[in-house]
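Observations on the three-dimensional arrangement
What follows is each chain in one-letter form.
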Amino acid sequence: GNAEAMRAGAWRAAAVWCLLLAVAVAARGPRHVVVILADDLGHGDLEWMSTPLGQIKTPNLRKLRERGIQLDNYHVQQVCSPSRAALHTGRYPIRYGMQHYVIPHNGTWGVPTDEVFLPAVLKRARGFKTAHTGKHHMGMAKW
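Residues numbered from 1 in each chain as written. Predicted model: local features only at pLDDT ≥ 70, side-chain atom pairs only at ≥ 80, totals over all residues. Heavy atoms only, no water.

1. Some details on the overall build of the chain
Helix and strand counts for the chain come out as 4 helices and 0 strands. Ordered by position from N to C terminus, the α and β elements of the chain give α-α-α-α. Taken over 143 residues, the chain has a buried fraction of 31%. Expressed as a percentage of contacts within the chain between residues at least 6 apart in sequence, the contacts between residues at least 24 apart total 56%. As displayed, the chain has an accessible area near 10000 Å², and 56% of this comes from carbon and sulfur atoms. (Helix = DSSP H or I, 4+ residues; strand = E, 2+ residues; numbered from the N terminus. Buried < 20%, exposed > 50% of the residue type's maximum accessible area, 1.4 Å probe, protein only. Contact = heavy atoms within 4.5 Å. Areas by Shrake-Rupley, 256 points an atom, 1.4 Å probe, with all protein chains shown as cover.)

Structure, rendered in structure tokens:
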């Protein structure tokens, strides 16, 4: 049921995390890793998917896809906070109590501030320069 789907999603997120790390470590010369996590985007919505729904034109994403590695067999959690936590940490969202809900703006919980995220691992492994744009939505920490 739902618990099995959550476990499978977390395992797949961990596999993606390991694959990205392996690519970064094995890379010869400068490489770029671009991770795009889009909320509410269906698998067949983009133009390069061979479905009748592939109507969203994304020429720049298409160019990135054509020049790189596309990971297109994956599953995510049902809402954004658990999906982001799994992708960034490679751990089950339940570890942080994030398996069911989006963290509210006044929430006092989330991914611990001392957790190691994927960009930090890439930076240490091969000296990648990292950046993040968009919403974080994994907790409202008081730094």
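2. Some words on the pattern of salt bridges
If you walk through the whole model with that rule in mind, you get 2 salt bridges. In this structure, the salt-bridge partner of arginine 62 is glutamate 66, at a minimum N-O distance of 3.6 Å. Pair noted here: arginine 62 and glutamate 66 are both in helix α2 (residues 59-67), with a separation of 4 residues, about one helical turn. Arginine 62 gets classed as partly exposed once you look at its relative accessible area, which sits at 28%. Linking arginine 91 and glutamate 115 is a salt bridge whose minimum nitrogen-to-oxygen distance equals 3.3 Å. With a gap of 24 residues between them, arginine 91 in the loop between α3 (80-89) and α4 (118-126) and glutamate 115 in the loop between α3 and α4 connect regions that are remote in the sequence. (Salt bridge = Lys/Arg side-chain N within 4 Å of Asp/Glu carboxyl O.)

3. Let's talk about the confidence of the model for the chain
Model confidence for the chain is summarised by a mean pLDDT of 75, while 71% of its residues fall at 70 or above. Predicted confidence in the chain is weakest over helix α1 (residues 2-26), with a mean pLDDT of 62, and strongest over α3, with 85. (pLDDT = per-residue confidence, 0-100.)

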